[in-house]
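One letter stands for each residue in the lines below.
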Amino acid sequence: MSHPFLDLPPLSAERFAAIEDGVARLLDTRQDVLITQGEALLPLEGAIRAAAGPGTVALNVITGPYGQTFGDWLRDAGATVHDLSVPFHTTVTAERIREAFAEHPEIDFVSLVHAEAATGNTNPVAEIGEAVREQGALFYLDAVASVGAEPVLPDAWGVDLCVIGAQKAMGGPAGVSAISVSERAWARMAANPGAPRRSYLSLLDWKERWTDAGRKALPHAPAQLEMLALQACLERIESEGLGTVMARHRSAARATRAGAVALGGGLQPYVREERDAAPVATTLRVPSGVVASQVVERALRSDPALPLAAGGGALAQEMIRVNHYGRDATPGAVQGSLAALGAALAEQGLTVDPAAARRAAEDAWH
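Within any chain, residue numbers begin from 1 and follow the written order of that chain's sequence. Confidence filtering applies because this is a predicted model: local features only for residues at pLDDT of at least 70, side-chain atom pairs given and counted only at 80 or more, and all residues used for totals across whole chains, interfaces and linings. Side-chain numbers here rest on the full set of heavy atoms in the structure, without hydrogens or water.

Considerations on unusual backbone geometry
In most cases, non-glycine residues show a negative phi, while peptide bonds are predominantly trans.
Working step 1: At aspartate 7, a position not held by glycine, the phi torsion is positive, near 55 degrees.
Working step 2: Secondary structure elements follow DSSP: runs of H or I of four or more residues count as helices, runs of E of two or more count as strands, with numbering from the N terminus. Within the secondary structure layout, aspartate 7 lies in the segment before helix H1 (13-27).
Working step 3: Assessed through its relative accessible area of 75%, aspartate 7 is described here as exposed.
Working step 4: Of note, the phi angle at arginine 198 is positive, near 50 degrees, even though the residue is not glycine.
Working step 5: For arginine 198, a relative accessible area of 76% corresponds to the exposed category. Each residue's exposure class comes from its accessible area (1.4 Å probe, protein chains only) as a fraction of the maximum for that residue type: buried when under 20%, exposed when over 50%, partly exposed otherwise.

Regarding helix H13 (residues 354-365)
Working step 1: The span one expects for a helix is its residue count, reduced by one, times 1.5 Å. Spanning twelve residues, H13 covers 16 Å between terminal C-alpha atoms, matching the ideal 16 Å at 1.5 Å per step.
Working step 2: Every buried residue of H13 is accounted for by Ala356, Ala357, Ala360, Ala361, Ala364 and Trp365. When H13 is viewed along its axis, its buried side chains cluster within an angular range of 160 degrees and face the same direction.
Working step 3: In this analysis, two residues are considered to be in contact whenever any of their non-hydrogen atoms come within 4.5 Å of each other. Of the surrounding secondary structure, the elements contacted by the buried residues of H13 are helix H10 (242-263) and helix H12 (331-347). It is the directions from the helix axis to the C-beta atoms whose arc is reported.

Considering a nonpolar patch on the surface
Working step 1: Taken together, the side chains of Phe5, Leu6, Leu8 and Leu225 make up a nonpolar region of the molecular surface, amounting to roughly 370 Å² of accessible area.
Working step 2: With respect to the element layout, phenylalanine 5 can be found in the segment before H1.
Working step 3: For phenylalanine 5, a relative accessible area of 54% translates into the label exposed. Patch construction takes residues with relative accessible area above 30% that form no salt bridge. Like charges are linked within 9 Å, and nonpolar side chains (Val, Leu, Ile, Met, Phe, Trp, Tyr) are linked within 5 Å. For the accessible areas, the method is Shrake-Rupley and the probe is 1.4 Å, while residue cover comes only from the protein chains on display. Salt bridges, as used here, are contacts in which a Lys or Arg side-chain nitrogen is within 4 Å of a carboxyl oxygen on Asp or Glu.

Remarks on the pairing of strand E9 (residues 177-181)
Working step 1: E9 sits mainly inside the fold: five of its five residues count as buried.
Working step 2: Where strand E1 (residues 32-36) meets E9, five bridges bridge the pair, whose relative direction is antiparallel. Residue pairing in the sheet places aspartate 32 in a bridge with valine 181 of E9.
Working step 3: Strands were regarded as paired on the criterion that DSSP finds at least two bridges between them. With five bridges connecting them, strand E8 (residues 161-165) and E9 associate as antiparallel partners. Bridge pairing in E9 places cysteine 162 opposite serine 180.

Quick look at the nonpolar core
Working step 1: The criterion is simple. A nonpolar core is a set of buried Ala, Val, Leu, Ile, Met, Phe, Trp, Tyr and Cys residues joined through side-chain atoms within 4.5 Å. If you look at the biggest cluster of nonpolar residues, it comprises 78 residues, and the most contacted ones within it are Leu161, Ile164, Met170 and Met189.
Working step 2: Top contributing element to this core by residue count: H1, with eight residues.
Working step 3: Not counting residues within four places of it along the chain, the set of residues in contact with methionine 170 comprises Leu26, Val147, Ile164, Gly165, Leu230, Cys233, Leu234, Arg236 and Ile237.
Working step 4: With 28 residues, the next largest nonpolar core counts Val295, Ile320, Leu341 and Ala357 among its residues.

Structural data, given as structure tokens:
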């Protein structure tokens, strides 16, 4: 049996390095870029365990579930952690960051999620980065959901550890991810006796065996199909233009938000202020007495491919997510989602106006 995905020639070190260079161009960074052979949780956890340990004092910003996870990893690594939590329907501000620094001047590590696809908010990283630079702390950023939907600029923002994944706005594979690493971050890792070594989590092993060795020989066999898919994804973005890709996501977010409000049925944007809303996904709050997961289940009966999901955990009761990213950052996906939600809400006896939703979404897209 033959198949185009089988019996491929080995991926060369030269091609692997070229794909890394493509990621660097996407991020407009001169930092070292490593492509890690696994989903983005791999470099997210690896970076924290490499750069933080006993003696680290971390400010962990929580604007969604991933921020909570990062705090757990930091504590497990031995760091002293000060959590800065804000309601999930809003975002953190640079002023709140500065207030935390004033209260705890010993902070030397800051962890932040750029866009929380799970809650639909996006944090003002440029302004926060300026505050972090004033403090002199190491800046760790999860940009998995934001990359491709909005600017991600590690160098300009002073981000020392920036993790991305291709499976959302980039429209690529989930099984491979990447991280950009500043010289300050490498130095922090090298000085950390608890940094993973001889481990799949080890970024230092990759640096020594791959980057410092001139990227001539791969340390182990790469995830070939995922690497080829990532290359294709990067080439597609370069061909379309990153600005055009980001504009599609912004338009999708505006159209979904406007259409949901016009639809009625008690739907309201979960993230209250539009400036705080992420381009990658729009979250909606259902009215009292309505269960979000049930609305989504009914909506998906008409078309299971629609980018709709209920919120995770307890949020499944009250939140609907419209995941208009990647191939679904299109007018058709937005309109299809609004129509299906309208029909599902109408089944529950709520008054909706699908025509108004359609017009509002069309007007907002342009």
